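Now for the letters of each chain:
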Amino acid sequence: MKRHARIICILLLAALIGALPGLAQDESNTLIMARAADATGLDPHTQTAFASFRLLELIYEPLVTLDADLNVVPALAESWEFNDDATQLTLNLRDGVTFHDGSEFDSGDVKATFERILDEATAAASRANFLTIESIDTPDPLTVVFNLSQADVPLLSALASVNASIASSEAIESGAIATEANGTGPFILDEWVPEEQTTLSANENWWGEGPFVDGIEVRIIPDETSILAALRAGTIDFALLNDPLVATLLVDDPDIILNRAPALAYNVLQLNGRREPLDILEVRQAISCAIDRQEVIDTAALGEGEVTGPLTPPAFQIPTDELFCYQKDLDMARSLLEQAGMADGFTLNVIAANAEPPTALATAQNIQAQLAEIGITVEIESLELSVYVDRWLAADFDAAVAQNGGRPDPYTMYARYWTETGNLNTVAGYIDDTLDDLMAQGRAETDPEARYEIFAEFQRYITEMAPWVWLYVSPEYTAQQPYVTGFVPNPTDSLYSLAQVQLER
Amino acid sequence: MPVKIEPPVERRRGQGLLPRLLRNRSGTVGLALVTFYLLVGLFGLLGITPRPSLEQVPRDRLKPPSEQYWMGTDIFGRDIASRLMEGAANSLQVALLSVATATLAGTLIGTTAGYVGGRFDNLLMRVMDVFFALPALLLALLVVTVLGPGLYSTAFAIAVVYTPIFARVARAPVLSVKEMEFVTATRALGLPEARILARHVLPNTLAPLIVQVSLALSWALLTEAGLSFLGLGTQPPQASWGVMLSESRGIAELAPWLMIFPGVAIMLGVLGWNLLGDGLRDVLDPRLRGRES
Amino acid sequence: MIRYLAQRFIAFVPILLGVSILIFLAIRLVPGNAIIAMLGTEAGMLTENQRRALEAYFGLDKPIVEQYFVWLGNAVQGNLGLSVRHGAPVLDVILARFPITLQLSVMAMTIALLIGLPLGVLSAVRHNSIIDLFGRLFALVGLAMPNFLLGTLIIFVLSVYFHILPNSGDYVSFAEDPSRNLQQMIFPAITLGFAFSASVMRTTRSAMLEVLGQDYIRTARSKGLREFVVNRRHALKNALIPVITIAGVELGYLLGGTVIVEEIFSLPGLGRLVFNAISQRDYALVQGIALFIAVNFVIINLAVDLLYTAVDPRISYASKN
C-alpha cells in the first residue's frame, strides 16, 4: 500500500511538472479548429442550426456561393443566366467534379437534389425559397434549366445556401444522405463524434485550388473562455467565437489575430402583435422609442456591434435616421403610451434563451432597465434553448429576445416572416397588406435600383409599424494564430475559405 | 453491519446552547459568520443596499472598486456590493427554504418509518435509497429541468436531494429510543402513539438533526451556486452568487473583481455554516465534548 | 459470504427499478422535445408528418407505460435503446465516455487520500498543534471552495499567467499516451479532489481522535510501544473504517457528479454527456446514464462493505444469519 502510494505520488508530481512548461504542439499540417457548438446532424437539406452549417459547408457545395462582399460567385455552376422576364434560370455546371465516394457530378444530381428539397416529405429547410421552380430540365450532363412559375430574382442568391447543397442522386435515392456526408467540397468527413470531435481530411480531387492543409480537426469546447485559453496556449490554430465578451479580450492581444466580419444575423426584440396590449400600434411604437439601441450594445455586448435596421445586407441598408424612432425619445414614448390608454404602464413577459446567443440574457436585462423608465415592467424568462425554440415556434410569448439569421437577399431573408404565406408568420406576430405587397413587389422586380427603393420603403414602413424592435448586429468572430493565412471572413459566417488556408509555422 | 447506538440526549438545565456554543472556537467563528451573513441577507431582502441592486448606470460600467462602488460594477454598471447583498438574500432564501422542507419531510419520514417499523419502514427506506443512488447534482439537475429554472424550483430540487439524508438521520435515534424503557412505559400507559412520538421520541433526534441542518445549509448554498453557475438556478436579473460568478467568467480577466467578491462571499457563507455545524456537534454530541478546545 | 452477496444483489433490484421509474417519469415531465432540441433554432420547417415519423423512429409515439416496459425489457437484455443525438446505442455511447469519468474520479480520490489521510492523522496525533491548525484550516477552505470556482481559477491562472491549458478538446486516453493523458487529467482531478481531501482529512482526524482516546491504545502505549507503531498499527487501522465509508460514498457520487468539472475542463466524460443529454432531451441517453450511475453506486457500496471485513476482522458477513 505504501509503496503504491509512493509510486502514484511520483507519477502525479511528474505529471504536474510535465504540464507546466506548456504542452508542445506537434507541427503537423492539420488545422486544429475549436468551437463551442457542434453540428446537430449531417443532412444538408434539413439542418437548420448554424453550427451544422459550419461543418456541412466544408463538405458539401451549392451551385453558387457568396463572396465576402455578398456577390454571387461560381461554385458547382460556372455560369448562369436568367431569361428576360426572369422566369427561367439556366446554369452551366463545372466539368470533372466528383463526389467524395468517387461518383461523377452532373445535372442529374442537381435535379435529384432540388426534387428532394421540393418534396414536402423531406421537410427541407429552404423549400419555401424554391417554390417558384415548376420543373427542372437537364438538356445535357452539364446544363440545368429551372423553369419558374413567376419572375423570381432572389432565387439565384437562395441557391447559395448550405440548405441547397448538391448531393449525389444515388445517396438521395438510397437515403444515405441522412447519415453519411458525401459531397463535392474541399474536405471529406472521416469521423464525427457528436459534442467532441470531428475529423476532416483534404479532398485531393477537389476542383478548386487547395486545400493546402492535410485536414481539419474540429474540437468542441463548450466554454468560450476555454477556447480563448486554448488559443493563448497555442493548442489550437483557429477558433469560432460567439461571445463578444470573450472576443473583446482578444482585441489587444498581440499574439492572436481576431477577425471580425460584419454579420447578417441580427439581434431583435420580437413583439407578439397578436397579444394585448401589443396589438395596439402606439404601444409597440412606445417600446421602440424607449430603447436606446446603442446602450444595449454598450452594455450587453461591451460595445461590440452596430445598430441596425431590419435589413442587414449592406447593399440594402438605409441610414438609421430614416427609420422610425431610432433616437431614444422618452417623451414621445410616454405620450404614445398615453394615447394607447396605457399611461400607467403594464407588465411585459420577455423570453430569452439562456446561452444562445451569449448576449441574449444581457440584452434582455438592459431592455428591462430601459423599459422601466416608461413604466413597463419587464419579466424575463430565461429558457433552455430547446424550450425556447418550442415556445418561439408556437409564438407562445409576449416578446422574445432573438438572434435571427440574415440572408443576402431581403426577400429570402424575410419572406417567411412578413408575407401572408410565410411559414413563420405567426412567430412574426404581425402582418398587413402593405408589408405583403412590398415583399411581392421586391420578389418580382428585376431592376436593382428599383428593388433597393422597394426595400427601403419596406424598412421605413415596418419600423413605423414596429412589430419588432430591431436592435443590432454583432460581428461574426473568428480568431486564429498568426501563422494561419488565407482565411477570408464572410458575412454569412461561411468557413468555405478554409480551403485556401495555409499553415506557415 | 453493526449499528452504532447513541445514548439519548438528556436536557442539561442551566446551561443554554448559546453560552456553550460561544465557548467553542468553531462555534464562535461560525456563529459570527452566519450572523453577519444573515444580517447582510436581511438587508438585501429589505432592499437596504448602497444602491438599488438592479439599477443600471451605463456610463459607469465595469468600474473597479472605488469609494463610490465598494466592489466595482458589472457590464451594466450595476453595483456589485448591492448585488452581493441581494444575492445573499436569494441564496439564503433557497438554502433556508430547501433545508426547512428537507428537514420537515425527512424527519417526518424518518421518525414515522423508524417508529412504525416493519414493512412500512422497509418500503420508505427503499424509496429513500432510490434517491440516494443518484448523485446529488444529477438529481437536482433533473428536478430543475422538470420544473424549469428559478428560485423555487432550485429550492425544491435541493430539498429533494436532502430529504433522504434527513430521513436517515432522524430514523437512527428513533430506532434506539423507541425500545427504551421510558417509551415502552408510556406506551403501556396507553398514550396515543403520535403523542409518544412527538413528546418523547422526537426530542431525542434533535441533536443530530440540528447538526445536520447546519451542514445541509452549507451544502445547499454550494448546490444553489453550482446550479446557478450551470444556468439553472436563480435567473438573471436576480442576483445569486452562483449567477454572478457565472456571469464573470468571460470577463474576469478584464474585471477580476467580478469574480473575486462573489467567490469570497460563497466561501465565507459555506464556511460559516460548516463551522457552526462543527461547533454544534461538539456541543451537542457528548462523545466528542472536550476534544476541541 | 456468497449468501450475503446474493442477498445484497437482490436488495439492489428494487432500488434500480425505482431509479429507472423515477428517471423515466421525470424526463417525460420535462418541457421541450428531443426532436425540436435536435433540430435547433430554425426548426419551423418540420412538417407534422416528418415529426411523427421521427418520433416513431425513436419510439416516442407510444403511451408512457408501454414505453417504459419496452425499455425495461430491452434494458434487462443490455439494450438501453438508441440515443437521438448520437444516433448510436446508448450503452456504446456511455461506455465510450465512462473510462474518462472513472479515471478522473479515481485520480481525484487518490489525490484526496494522499492529502487527506496523512494530514488527518498528523492533525490528530499532534492535536492542537500548528500542524493541526493548518490541517483544519486546509480542510475548511477545501469544504468551502465550490469546485466550479476552483476550476475556473485554475484555468484562469494557467492560461492568463502561464499560457498553458491542460486540455483543449483533444482528450487522449491513458492507453494512447500516458504522459499527455495525465497532463490533461491532473488539474481536473485536483479540482475534484480538493474538496474531497478536506472531507477525508476531517473524517480521518475525528476518527483518529476517537480511537486514540480509547483504552486499548492507552494500553498499547503503556506497554511501551513506540508512538509511531501505536499510531500506525493500532489507531490508524481502526480509524480507517469511517474513512472508507466516506471514500466509497464520495466515489459513487463522483462517478456521476463530475458534470461541472468536465464542463469547465472540456473533458468528454459521463458528466458532460448527461448534462448535454438533459438539455437536449435525449430521453434514452438520460435514462441509460442514470441507471448506469445507479448500478455503479450500489456496486461501490457493496465493495465498501466488503472492504470493512478486510480492514476490521471483527466484522464478518459470513457469520450473519
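Check the entry above for the structure.
A. Main features of the overall build of chain C. The helix and strand inventory of chain C stands at 13 helices and zero strands. Considering only contacts within chain C whose residues lie at least 6 apart along the sequence, 74% involve residues at least 24 apart.

B. Representation of the pattern of salt bridges in the model. All names here are of chain A. For the coordinates displayed, the defined rule picks out 32 salt bridges over all chains. Between Arg-94 and Glu-78 there is a salt bridge, with the nearest N and O atoms lying 3.7 Å from each other. Placement of Arg-94 in the loop between strand E5 (88–93) and helix H3 (107–118) and of Glu-78 in strand E4 (residues 77–82) is noted, with a sequence separation of 16 residues between them. Glu-78 gets classed as partly exposed once you look at its relative accessible area, which sits at 43%. Of the charged contacts, one joins Glu-304 and Arg-260 as a salt bridge, the two residues approaching to 2.9 Å between their closest N and O atoms. Of this pair, Glu-304 sits in the loop between helix H9 (293–300) and strand E14 (306–307) while Arg-260 sits in strand E12 (residues 257–261), placing them 44 residues apart in sequence. Looking at Glu-304, the relative accessible area reads 9%, which means it is buried.

C. Layout of helix H11 (residues 360–372) of chain A. Residues and elements named next belong to chain A. Taking 1.5 Å per residue as the helical rise, H11 with its 13 residues ought to reach 18 Å, and the 18 Å between its terminal C-alpha atoms agrees with that figure. Within H11, 11 of the 13 residues are buried, which leaves the element mostly enclosed by the surrounding structure. For H11, the full list of buried residues reads Ala-360, Leu-361, Ala-362, Thr-363, Ala-364, Gln-365, Asn-366, Ile-367, Gln-368, Gln-370 and Leu-371.

D. Here's a closer look at the packing of aromatic side chains. Going through the model one piece at a time under the given rule, you end up with 27 aromatic pairs over all chains. On the numbers, 4.8 Å between centres and 65 degrees between planes, the contact of Trp418(A) with Trp468(A) is edge-to-face. Highlighted residues: Trp418(A) in helix H13 (residues 410–418) and Trp468(A) in strand E18 (residues 468–473), separated in sequence by 50 residues. With relative accessibility at 0%, the residue Trp418(A) sits in the buried group. Accessibility expressed as a relative area gives 1% for Trp468(A), which makes it buried. Measuring from centroid to centroid gives 6.1 Å for Tyr68(C) and Trp71(C), while their planes differ by 35 degrees, and the two rings are tilted. A residue pair is termed a helical-turn pair when its members lie 3 or 4 positions apart in one helix, as Tyr68(C) and Trp71(C) do in helix H4 (residues 64–76) at three residues. What makes Tyr68(C) buried here is its relative accessible area of 8%. According to the relative accessible area criterion, Trp71(C) is buried, its value standing at 8%.

The rules we used
Residues numbered from 1 in each chain as written. Chains lettered and ligands numbered in written order. Predicted model: local features only at pLDDT ≥ 70, side-chain atom pairs only at ≥ 80, totals over all residues. Heavy atoms only, no water. Helix = DSSP H or I, 4+ residues; strand = E, 2+ residues; numbered from the N terminus. Contact = heavy atoms within 4.5 Å. Salt bridge = Lys/Arg side-chain N within 4 Å of Asp/Glu carboxyl O. Buried < 20%, exposed > 50% of the residue type's maximum accessible area, 1.4 Å probe, protein only. Expected span 1.5 Å × (residues − 1). Phe/Tyr/Trp six-rings, centres within 6.5 Å; stacked < 30°, edge-to-face > 60°.

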